[in-house]
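Next come the chains, spelled out residue by residue.
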Amino acid sequence: MENGAVYNETTEPEAKAPRRRPFGCTLQHLRGWRLLAKVVQAIFSFVAVVCEEIVDDCIYCSGLYFFEFISCSAFLLSLLILCVYCTDMYESLGKEKVQKL
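As annotated in an unreviewed UniProt entry, the protein chain is CKLF6 protein from Dicrurus megarhynchus.

Draft legend 1. Expanded view of the UniProt feature "transmembrane region" (unreviewed entry) in the protein chain. Those places that UniProt annotates as "transmembrane region" (unreviewed entry) correspond, in this numbering, to residues 64-87. For residues 64-87, the end-to-end C-alpha separation is 34 Å, with 92% helix and 0% strand making up the annotated structure.

Draft legend 2. Representation of the environment of Ser-45 within the structure. Within the secondary structure, Ser-45 sits in helix H2 (residues 32-54). Ignoring any residue separated from it by four or fewer positions in sequence, one finds Ser-45 in contact with Ser-71, Ala-74, Phe-75 and Ser-78. Among the polar contacts made by the side chain of Ser-45, one reaches the main-chain carbonyl oxygen of Gln-41 at a distance of 2.9 Å.

Draft legend 3. View of a nonpolar patch on the surface. Together, Leu-36, Val-39, Val-40, Ile-43, Phe-44, Phe-46, Val-47, Val-50 and Ile-54 make up a nonpolar patch on the protein surface, roughly 820 Å² of accessible area in all. Along the chain, Val-39 turns up in helix H2. According to the relative accessible area criterion, Val-39 is partly exposed, its value standing at 35%.

Draft legend 4. Region of the structure containing the packing of aromatic side chains. For the coordinates displayed, the defined rule picks out one aromatic pair. Plain terms: the ring middles of Phe-46 and Phe-75 are 5.3 Å apart, the flat faces sit at 40 degrees to each other, and that makes the pair tilted. One end of the pair, Phe-46, is in helix H2; the other, Phe-75, is in helix H3 (residues 62-85), with 29 residues separating them in the sequence. Judged by its relative accessible area of 44%, Phe-46 falls in the partly exposed class.

Basis of the calculations
- Residue positions are given per chain, counting from 1 as you read along its sequence in written order.
- In view of the model being predicted, local features appear only for residues whose pLDDT reaches at least 70, and side-chain atom pairs are presented and counted only at 80 or more, with totals across whole chains, interfaces and linings using the full set of residues.
- The side-chain values count all of the structure's non-hydrogen atoms but skip hydrogen atoms and water molecules.
- UniProt positions are given in the numbering used here, feature names are shortened, and annotations may be inferred rather than shown by experiment.
- In this text, helices come from DSSP runs of H or I with a minimum length of four residues, and strands from runs of E with a minimum of two, each type numbered from the N-terminal end.
- When checking whether two residues touch, look at their non-hydrogen atoms; a contact exists if any pair is within 4.5 Å.
- Polar contact criterion, stated in full: a pair of N or O atoms within 3.5 Å, where within protein one must be able to donate a hydrogen and the other to accept it, and residues adjacent in sequence count only if both atoms are side-chain atoms.
- Patches were defined on residues exceeding 30% relative accessible area and lacking a salt bridge, with like-charge contacts within 9 Å and nonpolar side-chain contacts (Val, Leu, Ile, Met, Phe, Trp, Tyr) within 5 Å.
- Surface exposure here means Shrake-Rupley accessible area, sampled with a 1.4 Å probe, where a residue is shielded only by the protein chains that are shown.
- The working definition used for a salt bridge is a side-chain nitrogen of Lys or Arg within 4 Å of a carboxyl oxygen of Asp or Glu.
- Exposed residues in this analysis have more than 50% of their type's maximum accessible area, buried residues have under 20%, and partly exposed residues fall in between, with area computed by a 1.4 Å probe over protein chains only.
- A pair of Phe, Tyr and Trp rings is counted when the ring centres sit within 6.5 Å of each other, with Trp represented by its six-membered ring. The angle between the planes then sorts it: under 30 degrees is stacked, over 60 is edge-to-face, the rest tilted.

So this is what it looks like as structure tokens:
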């Protein structure tokens, strides 16, 4: 008696791993005007940070420091949003956690 008649294959064939894009970049979750708006927001906030750093002297600097805080925060948060929505981080965190964030 041959082994083939008694024993059947019990394991499934090995599945190929899905092909990953470089750096996990995907535009699946942020498309169209939302992607454009976030990119423009990141560019404008970066320009604001650069413009603020150009200022050498000021008489009343409290407004300038507040502007620096707001523009730097906006730049970092817009980069965070772009990184989460345009990479595999969205799937790894989960939709519920991203919405809470």
